[in-house]
Amino acid sequence: EENSEIAVDLANQSVKDFLISMSLCHSVFTTEQQGNLTYEASSPDERALVEAAAQFGVRFMFSSRNSRKIKVEGRLDRYEFLHVLPFDNNRKRMSIILRDPDGKILLLCKGAESSVLDICDSGCVDVTRQHVDDYAAEGLRTLVFATREISP
């Protein structure tokens, strides 16, 4: 529900991109029950990530074979599906290729830090790796996201 959102700075493009990745890179689908949007997922982790993004103001609204729709700052944005590489135990990551509302082609990826951070060539890789190591030392499970604009 939109009135239960937690305030975050969506003007910060890194924060906004992260939440958009959380709301788009998954295998969750939506259902409507008694006028309320609910999320269905094969994994409770997948559902929790989508619900968290919604809590922070980036709400996954709808998915079809060809597109996904999310609501960001009150605006409904449509992303066209181009390709999905589902999670598997060999890659240890899921990737999705989309065309955003501005026509840019994006690769969104999430997975184990050992598989995602090793293929990153820009961004805060060293800082992220240190945070992941610190969280893992405390016994917490970790997951990382990466985004790249790709040329057609």
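One can find the structure itself at the top, above this paragraph.
Scope of this entry: the structure provided in the associated data block. (Residues numbered from 1 in each chain as written. Predicted model: local features only at pLDDT ≥ 70, side-chain atom pairs only at ≥ 80, totals over all residues. Heavy atoms only, no water.)

Now for unusual backbone geometry. Positive phi outside glycine occurs at Glu73, with the angle close to 50°. On the accessibility criterion, Glu73 (48% relative accessible area) is partly exposed. Phi at Lys92 takes a positive value of approximately 60°, unusual for a residue other than glycine. With respect to the helices and strands, the residue Lys92 is situated in the loop between strand 5 (75–88) and strand 6 (93–99). Overall, the relative accessible area of 40% leaves Lys92 in the partly exposed class. (Buried < 20%, exposed > 50% of the residue type's maximum accessible area, 1.4 Å probe, protein only. Helix = DSSP H or I, 4+ residues; strand = E, 2+ residues; numbered from the N terminus.)

Next up on the list: the pairing of strand 5. Alignment of strand 4 (residues 67–72) against strand 5, held across six bridges, turns out to be antiparallel. Counted as the bridge partner of Lys69 is Arg78 from strand 5. Bridge analysis of strand 5 against strand 6 gives six bridges, and the strand direction is antiparallel. When the sheet's bridge partners are listed, His83 is paired in strand 6 with Ile97. The hairpin turn running from strand 5 into strand 6, its antiparallel successor, is four residues long, and Lys92 in that turn takes a positive phi close to 60°. (Pairing = 2+ DSSP bridges.)

The next point concerns the sheet that holds strand 4. As summarised here, the arrangement of the six strands in space is 3-4-5-6-7-8, forming an open sheet in which the pairing is antiparallel. Strands at the two margins of the open sheet, each flanked by one partner only, are strand 3 (58–63) and strand 8 (144–150). Taking each pair of neighbouring strands and ignoring which way they run, the sheet shows an average axis angle of 30°. Contacting strand 3, strand 4, strand 5, strand 6, strand 7 (105–111) and strand 8, helix 1 (residues 13–24) crosses the sheet at an angle of about 140° to strand 4. Across the sheet, helix 2 (residues 44–55) touches strand 3, strand 7 and strand 8, and the angle it forms with strand 3 is around 125°. (Axes fitted to C-alpha atoms, helices over the stretch in contact; angles between N-to-C directions. Contact = heavy atoms within 4.5 Å.)

With that settled, the discussion passes to the pairing of strand 1 (residues 29–33). In terms of strand pairing, strand 1 meets strand 2 (residues 36–40) through five bridges, oriented antiparallel. If you follow Thr31 over to strand 2, its bridge partner there is Thr38. Here strand 1 folds back onto strand 2, and the loop between the two strands holds two residues, one of which, Gln34, carries a positive phi near 55°.

Here the focus is the packing of helix 1 against helix 2. Orientation of helix 1 relative to helix 2, taken along the N-to-C sense of each, is 140°, at an axis distance of 8 Å. On the basis of the axis angle, helix 1 is oblique to helix 2. Seen from above, helix 1 lies across helix 2 with left-handed handedness. Within the contact between the two elements, helix 1 uses Leu19, Met22 and Ser23 and helix 2 uses Leu49, Val50, Ala52 and Ala53. Taken together, the residues of the contact of helix 1 with helix 2 sort by class into six nonpolar, one polar and no charged. (Parallel < 35°, antiparallel > 145°, perpendicular 65-115°, else oblique. Left-handed = near helix turned anticlockwise from the far one by under 90°. Nonpolar A, V, L, I, M, F, W, Y, C, P; charged D, E, K, R; others polar.)

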